[in-house]
Every structure is written in C-alpha cells, then in structure tokens.
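For reference, the chains in residue letters:
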Amino acid sequence: MKTNSLGEVAFFVRGVTFKPSDIVSGNSPDSLWCMRTRNIQTELDLSDVWSISRSHVKRPEQILQFGDVLVSSANSWNLVGKCCWTPQLDNEATFGGFITALRADPARLHPRYLYWWFSSPTVQAAVRSFGRQTTNISNLDIHRCLALNIPVPPLEEQRRLAGLLDQVDDLRAKRQQAIALLDDLAQSIFLDMFGNPATNPKGWVIRTVSDLIESATYGTSQKAHTAGDFPVLRMGNLTAQGRIDLSSLKYLPTSEVGERHIVRKDDILFNRTNSADLVGKTAVFRENTPMAYAGYLVRVRTNPQNHPEYISAFLNSRYGKKILRNMCKSIVGMANINARELQSIRIPAPPLKLQQEFAQRLQATEQQRAAHVSHLEALDELFSSLQAKAFRGEL
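Residues numbered from 1 in each chain as written. Predicted model: local features only at pLDDT ≥ 70, side-chain atom pairs only at ≥ 80, totals over all residues. Heavy atoms only, no water.

(A) Representation of the overall build of the chain within the structure. Looking only at helices and strands, the chain has 10 helices and 26 strands in total. Per-residue burial over the chain gives 47% buried out of 395 residues. Across the chain, contacts joining residues at least 24 apart in sequence account for 76% of those joining residues at least 6 apart. For the chain, the exposed surface amounts to about 20100 Å²; the carbon and sulfur share of it is 51%. Here the chain contributes 46 positive and 38 negative side-chain charges, whose respective centroids are spaced 4 Å apart. (Helix = DSSP H or I, 4+ residues; strand = E, 2+ residues; numbered from the N terminus. Buried < 20%, exposed > 50% of the residue type's maximum accessible area, 1.4 Å probe, protein only. Contact = heavy atoms within 4.5 Å. Areas by Shrake-Rupley, 256 points an atom, 1.4 Å probe, with all protein chains shown as cover. Lys, Arg positive; Asp, Glu negative; His and termini not counted. Charge placed at Lys NZ, Arg CZ, Asp CG, Glu CD.)

Written out as structure tokens, the structure reads:
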C-alpha cells in the first residue's frame, strides 16, 4: 500500500491562548465554545464546555471543523496524544492552547480514515514516545508526528475501510449503552422496592449501619508486591460504580495474611480514604476465592438479619453518596471516613425477606450485564484486529 508522511496529507492547527479570567458566559455576545483537554474523551465530551470571546481566535483555521481530530498536545506522559473525533456541533467552537487539531487534506485523505489511523494503538504509542517532557507535562512533538508514515490508498478505499470500522464501533457503542441501562436498572429496582431513602416513603424503621452489621475491620498495612501467593485488593480495585475490578492485583506471601485481613464472598468492601469524589466507594465481594484487602479499605460483614447487597446499594445510591460526601474529612489532601463514622450512618432497615428478594433481582440483572460485557470484549477484540489489518492493507 502506498504511504506518505503525515505532513504530506494532513496538518496540525495549534489552539488559541487565553487566561482563566477570559472565560465568559456562553450567552455573552460574540462568544464561542472553547474545547480543552478534559473534553477529549473516547468521544468529544460536551458536558462541561467553556466559552471565550471570539477575539482570541487569531486565524480562521482555529475554528473547529466537523471531522477534525482533536489531540491533547500537553498532558501527563500517558495522555499526551489522546484524541477524539469532532462531530457536527450546534455551536461554533475553537480549542485551547493545550489542544491541537489534526486536519486532513480532503483531496488526499478521508477524515474518518485519518481518525481511525491516528487513534490506533500503534500510532498512539508512537506519538506518546515522541513526547517532550517538561515539569510533569509531556508535550506533543508535532514535527516527529508529521514525519510518521501513513498508508494512503485511494480515497474510495479509505471510505470503505473507515465505514467498516465505523460499523463495528457502532455495535460496541450499542453494547455499552445496554450496559449503562442495566446499571441504571439496578438503582431503579432499589428505589422501586425500598423507596427514596432520603424521604423513606415506605416508613421503614431507621437504624444505623452498626445495627445491620457484625463487624467493620481495617485491611492489612503490609506492603504488597507484583508477585506472590495471596491476591490483595486495594482501593483502585473498587470502581465508582460499586464493582470490584480484578484486572490489576498485587500479592502477599500467604504467611503474612491473617484471617482478620481476608475478605470472603458476600463481605462488603468500603474505601475509607481517597479523593473527595471517590472516598466511600463500596462493593460486595462476590468471588468464591478469598483475598486479602489493604489498609485503605474497610471490610464490612453483615449480621444474619441483613443482606450485604442491600447495604451496598444504599451506600451507592445518590442519597448514600451525598451522605458520604458531606461527612468525609480532608486530611493532607485526602478525604477520609473512618469505620466508626461509617457505622454511624442512619439507614432504613426493611425486612430481610425483602432485602433477599432485592439481591435475587440484582443477581439476574448482573447476569445479563455479564453477558453484555462478554460480548463487548469480543467486539473490542474484533475491532482491534480489523483496525490493525486495515492499516496493513489486509482488508
């Protein structure tokens, strides 16, 4: 397949410069949107967009165009080069100084083909390796990026390859939406069965968490290692969505793990120290194989009259999150909620039978979710394979 240097078929446009005091209301006359690094996610994230005066745009090409590839050009070393596609926008927009727009020469390169090439793992790794490090910030080396070789088949072939990748990506997006809907369904089931805990419309007896549990125990302070016999769960293994992620584990020698620091199936893990946004992450441990847990976690073991899935769902509800945010204390830049404070939280106490019914319905939802996650993983593998083959001329 014919190749060109990227600089022969595309070009970079540097973003505009402005000060924080230049940010204006989106309703201000003669203002326009200004994208920044936080807007560059898997897709362009428009949930928090700044506006600035149009006077900061010094050149016409600094107006964002449909099909531009927005590239993070000044970021931490592992995020520099991160990119996203620019869809059709409702508002005129530009982009800030930490962002660069990669724009295709339409006579030679299809923009969507360029996006899939630049976002491929191989190119992203190369772009990242070019980064010029300053104080904690890596800067995109535009000259080395422009020297990268890009396969350039005829435009019609580029459209076909981009369309093929788009089709599989659409399937991935639909699967992700289904997973998100199932996550919302779990919260809906909780509210349907127990009511909003903020108002307690079903009149459940109000107790404290300590009344519903048998123990709340801190994890081990032993330093874990990348290899060993006994897996150790750390605060990074708890997700903000109330799940346990086993993709990155550390280990301890079995001889250093006592029963006090072992988590077993149906125990609850609570993250007692983290940033203010993440402190209080809570999840039920559903694995059959016991593991150890680290000191920033609290193991909560429920008593026989209550179900761990109910307590975990309560702490993960919007009301529960609000309580946790309001009660955490800031210590040396980190937020903290200790085990005693956790046990003091007031919680409605519905009958055990209803809690068990909730757990059964939650389990059915989790089974559906697991099937969708498995399909999504298969689609991700398929997409990666197609993406690699597309730019090797094998499709």
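(B) Representation of the sheet that holds strand β2 (residues 10-14). Spatially, β2-β10-β6-β8 is the arrangement adopted by the 4 strands of the open sheet, whose pairing is antiparallel. This sheet does not close on itself; its edge strands, each paired only once, are β2 and β8 (83-85). On average, adjacent strands in this sheet sit at an angle of 25° to one another, irrespective of strand direction. Bridging between β2 and strand β10 (residues 99-104) involves 5 bridges; their strand directions are antiparallel. (Pairing = 2+ DSSP bridges. Axes fitted to C-alpha atoms, helices over the stretch in contact; angles between N-to-C directions.)

(C) Layout of the UniProt feature "coiled-coil region" (unreviewed entry) in the chain. Under the UniProt annotation, "coiled-coil region" (unreviewed entry) lies at residues 161-188. Taken end to end, residues 161-188 comprises 100% helix and 0% strand; its first and last C-alpha atoms sit 41 Å apart. (UniProt positions renumbered as here; feature names shortened; annotations may be inferred.)

(D) Examining the state of the cysteines more closely. Evaluated as defined, the whole model comprises 0 disulfides. Left without a disulfide partner, Cys145 is nearest to the cysteine sulfur of Cys83, which lies 11 Å away. (Disulfide = S-S within 2.5 Å.)

(E) Broad picture of the pairing of strand β5 (residues 50-53). Bridge analysis of strand β3 (residues 23-24) against β5 gives 2 bridges, and the strand direction is antiparallel. In the sheet register, Ile23 faces β5, and the bridge partner there is Ile52.

(F) Just the packing of aromatic side chains, in detail. Under the defined criterion, the tally for this structure stands at 13 aromatic pairs. Plain terms: the ring middles of Phe66 and Trp85 are 5.7 Å apart, the flat faces sit at 80° to each other, and that makes the pair edge-to-face. Taken together, the positions of Phe66 in the loop between β5 and β6 (69-72) and Trp85 in strand β8 put the pair 19 residues apart, joining distant regions of the chain. Here Tyr115 and Trp116 contribute two aromatic rings whose centre-to-centre distance is 4.8 Å and whose plane-to-plane angle is 50°, an arrangement assigned as tilted. When sorted by exposure, Tyr115 lands in the same class as Trp116, which is buried. Among the aromatic side chains, those forming a connected cluster through ring pairs are Phe66, Trp85, Tyr115, Trp116 and Phe383. Taking NZ or CZ as reference, Arg36 lies 3.8 Å from the ring centre of Trp50, over its face. (Phe/Tyr/Trp six-rings, centres within 6.5 Å; stacked < 30°, edge-to-face > 60°. Lys NZ or Arg CZ within 6 Å of the ring centre and 35° of its normal.)

(G) Local environment of the sheet that holds strand β11 (residues 132-133). Taking strand neighbours across the sheet as the criterion, the 3 strands line up as β7-β12-β11 in an open arrangement whose pairing is antiparallel. Unpaired on one side and paired on the other, β7 (74-75) and β11 mark the two borders of the sheet. Here 2 bridges tie β7 to strand β12 (residues 138-139), and the two strands are oriented antiparallel to one another. Following the sheet pairing, Asn75 is matched in β12 by Ser138.

(H) The arrangement of the pattern of salt bridges in detail. Taken as a whole, this structure holds 22 salt bridges when the rule is applied. Here Arg54 ties to Glu92 by a salt bridge, and the two come within 2.3 Å at their closest N and O atoms. Of the two residues, Arg54 is situated in the loop between β5 and β6 and Glu92 in the loop between β8 and β9 (93-95); the sequence distance between them amounts to 38 residues. Under the relative-accessibility criterion, Arg54 is labelled partly exposed at 29%. When the shortest N-O distance is used, the salt bridge between Asp68 and Arg103 registers 2.8 Å. Of this pair, Asp68 sits in the loop between β5 and β6 while Arg103 is found in strand β10, placing the two residues 35 residues apart along the sequence. (Salt bridge = Lys/Arg side-chain N within 4 Å of Asp/Glu carboxyl O.)

(I) Highlighting the UniProt feature "domain: Type I restriction modification DNA specificity" (unreviewed entry) in the chain. In this numbering, the UniProt entry assigns the feature "domain: Type I restriction modification DNA specificity" (unreviewed entry) to residues 52-179 and 201-367. The annotated region residues 52-179 carries 37% helix and 21% strand content, and the separation between its end C-alpha atoms amounts to 36 Å.

(J) A look at the nonpolar core. Among the nonpolar cores identified, the biggest contains 36 residues, and Phe12, Leu102, Leu114, Trp117 and Phe118 are the most heavily contacted of them. No other element matches helix α2 (residues 111-118), which puts 6 residues into this core. Trp117 has contacts with Leu6, Val123, Leu148, Asn149, Ile150, Pro151 and Phe391, leaving out every residue within four places of it along the chain. (Core = buried A, V, L, I, M, F, W, Y, C linked by side-chain atoms within 4.5 Å.)

(K) Seen up close, the packing of helix α7 (residues 308-316) against helix α10 (residues 352-390). Contact geometry for α7 and α10: axes closest at 8 Å, N-to-C directions at 75°. Judged by the angle between their axes, α7 and α10 are roughly perpendicular. Contacts from Glu309, Tyr310 and Ala313 in α7 reach Gln355, Phe358, Ala359 and Leu362 in α10. Partitioned by chemical class, the residues of the contact of α7 with α10 number 5 nonpolar, 1 polar and 1 charged. (Parallel < 35°, antiparallel > 145°, perpendicular 65-115°, else oblique. Nonpolar A, V, L, I, M, F, W, Y, C, P; charged D, E, K, R; others polar.)

(L) Focus on the environment of Asp277. Structurally, the position occupied by Asp277 is in the loop between β20 (273-274) and β21 (282-284). Counting along the chain gives 44 residues from Asp277 to Lys321, while the straight-line C-alpha distance between them is 9.3 Å.

(M) A look at helix α5 (residues 155-194). Between its first and last C-alpha, α5 extends 58 Å over 40 residues, near the 58 Å set by a 1.5 Å rise per residue. Gly195 sits one or two positions beyond α5 and adopts a positive phi of about 80°. (Expected span 1.5 Å × (residues − 1).)

(N) Quick peek at the side chain of Arg301. Of note, Arg301 is situated in strand β23 (residues 297-302). A polar contact is formed between the side chain of Arg301 and the side chain of Asp267, at a distance of 2.7 Å. Leaving out residues up to four positions away in the same chain, Arg301 has contacts with Ile213, Glu214, Ser215, Ile262, Arg264 and Asp267. (Polar contact = N/O pair within 3.5 Å; in protein donor to acceptor, adjacent residues only side chain to side chain.)

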